[in-house]
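# Structural description and commentary
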Amino acid sequence: MHTFKLNGQPVSVDVEDDMPLLWVLRDELGHTGTKFGCGVAACGACTVHIDGVATRSCVMPVAAVSGKAVQTIESQGDPILSRLQAAWVSHQVPQCGYCQSGMLMAATALLRGNPHPTDADIDAAMTNICRCGTYQRVRAAIHSAAASSNVQEKQA
């Protein structure tokens, strides 16, 4: 039995220790926002946060997350993720959209650690692959979300 927090709620699953977290999320817990892309941690479609760190879930055995906090694209109430989602829409980032949940999770981790990233910071942090090639729009959306954070901070 493996117990961890999923989007702030405790969950338990009775699966093999080496089952990838991705399949636990999708097949056992019904959280299908996290996508399967490559299965070798190269593309980033499966990116989630484990204790706040952006992690490729397709190669993460569920045993490694026991007792930890897992956040997926389905989480609610994360102000950074919400700002990024709004910026994604505003900048029309997705084309096919398949990679976007992983992109958003990677971008959330970036802004959480670096609220004012440069283009170089974004390029270094965003290692997810987008087959549609929307990287310029991703960068613009991240800058927009960072700028909206500045406005919110000044109004508070």
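Since this is a predicted model, take the numbers as computed values, not measurements.

### Re the overall build of the protein
For the protein, the count of helices and strands is five helices and five strands. Counting only C-alpha atoms, the protein reaches 45 × 35 × 25 Å along its principal axes. For the protein, with 156 residues in total, the buried portion stands at 44%. When contacts within the protein are restricted to residue pairs at least 6 apart in sequence, those whose partners lie at least 24 apart make up 58%. Accessible surface, the protein: about 7700 Å² in total, of which carbon and sulfur atoms supply 53%. Of the charged side chains in the protein, 11 are positive and 13 negative; the average position of the first set lies 10 Å away from that of the second.

### Regarding helix α3 (residues 100–113)
Here α3 spans 20 Å end to end across 14 residues, near enough to the 20 Å set by a 1.5 Å rise per residue. With respect to burial, α3 is a largely interior element, 12 of its 14 residues being buried. Q100, S101, G102, M103, L104, M105, A106, A107, T108, A109, L110 and L111 are the residues of α3 that are buried.

### Some details on the layout of surface pockets
The space that makes up the largest pocket amounts to roughly 160 Å³. Lining the largest pocket we find F36, G37, C43, A45, C96, Y98, C99, I129 and R131. Here the residues of the lining of the largest pocket are counted per class, giving seven nonpolar, one polar and one charged.

### So, the pairing of strand β4 (residues 53–56)
Where strand β3 (residues 47–50) lies against β4, four bridges are found, and the strand directions are antiparallel. The partner of H49 across the bridge, within β4, is A54. Counted between consecutive antiparallel strands, the loop separating β3 from β4 contains two residues, among which D51 sits at a positive phi close to 50 degrees.

### Digging into the pattern of salt bridges
Under the criterion given, the structure shown has three salt bridges. The closest approach of N and O atoms between R139 and D119, which form a salt bridge, is 3.8 Å. Here D119 lies in helix α4 (residues 119–125) and R139 lies in helix α5 (residues 135–155), a separation of 20 residues in the sequence. Accessibility expressed as a relative area gives 17% for R139, which makes it buried. The network of salt bridges with common partners includes D119, D123 and R139.

### Here's the deal with a negative patch on the surface
Taken together, the side chains of D14, E16, D17, D18, D27 and E28 make up a negatively charged region of the molecular surface. Along the chain, D18 falls in the loop between β2 (9–13) and α1 (21–28). Among the residues examined, D18 registers a relative accessible area of 60% and is labelled exposed.

### Considering the nonpolar core
One finds L84, W88, M103, L111, M126, V138 and I142 to be the most contacted residues of the largest nonpolar core, which totals 23 residues. Where this core is concerned, the elements lending two or more residues are α2 (79–90), α3 and α5. No other element matches α3, which puts seven residues into this core. Discounting residues that sit within four places of it in the chain, M126 has contacts with M103, A106, A107, V138 and I142.

Cut-offs used in this document
- Residues numbered from 1 in each chain as written.
- Predicted model: local features only at pLDDT ≥ 70, side-chain atom pairs only at ≥ 80, totals over all residues.
- Heavy atoms only, no water.
- Helix = DSSP H or I, 4+ residues; strand = E, 2+ residues; numbered from the N terminus.
- Buried < 20%, exposed > 50% of the residue type's maximum accessible area, 1.4 Å probe, protein only.
- Contact = heavy atoms within 4.5 Å.
- Areas by Shrake-Rupley, 256 points an atom, 1.4 Å probe, with all protein chains shown as cover.
- Lys, Arg positive; Asp, Glu negative; His and termini not counted.
- Charge placed at Lys NZ, Arg CZ, Asp CG, Glu CD.
- Expected span 1.5 Å × (residues − 1).
- 1 Å grid on protein atoms, 1.4 Å probe; cavity = no way out; pocket = protein on both sides within 12 Å on 5 of 7 lines; lining within 4 Å.
- Points joined across faces, edges and corners; volume = space filled by probe spheres on them.
- Nonpolar A, V, L, I, M, F, W, Y, C, P; charged D, E, K, R; others polar.
- Pairing = 2+ DSSP bridges.
- Salt bridge = Lys/Arg side-chain N within 4 Å of Asp/Glu carboxyl O.
- Patch = residues over 30% accessible without salt bridge, like charges linked within 9 Å, V, L, I, M, F, W, Y side chains within 5 Å.
- Core = buried A, V, L, I, M, F, W, Y, C linked by side-chain atoms within 4.5 Å.

Keep in mind that these numbers describe shape and distance, not what the molecule does.
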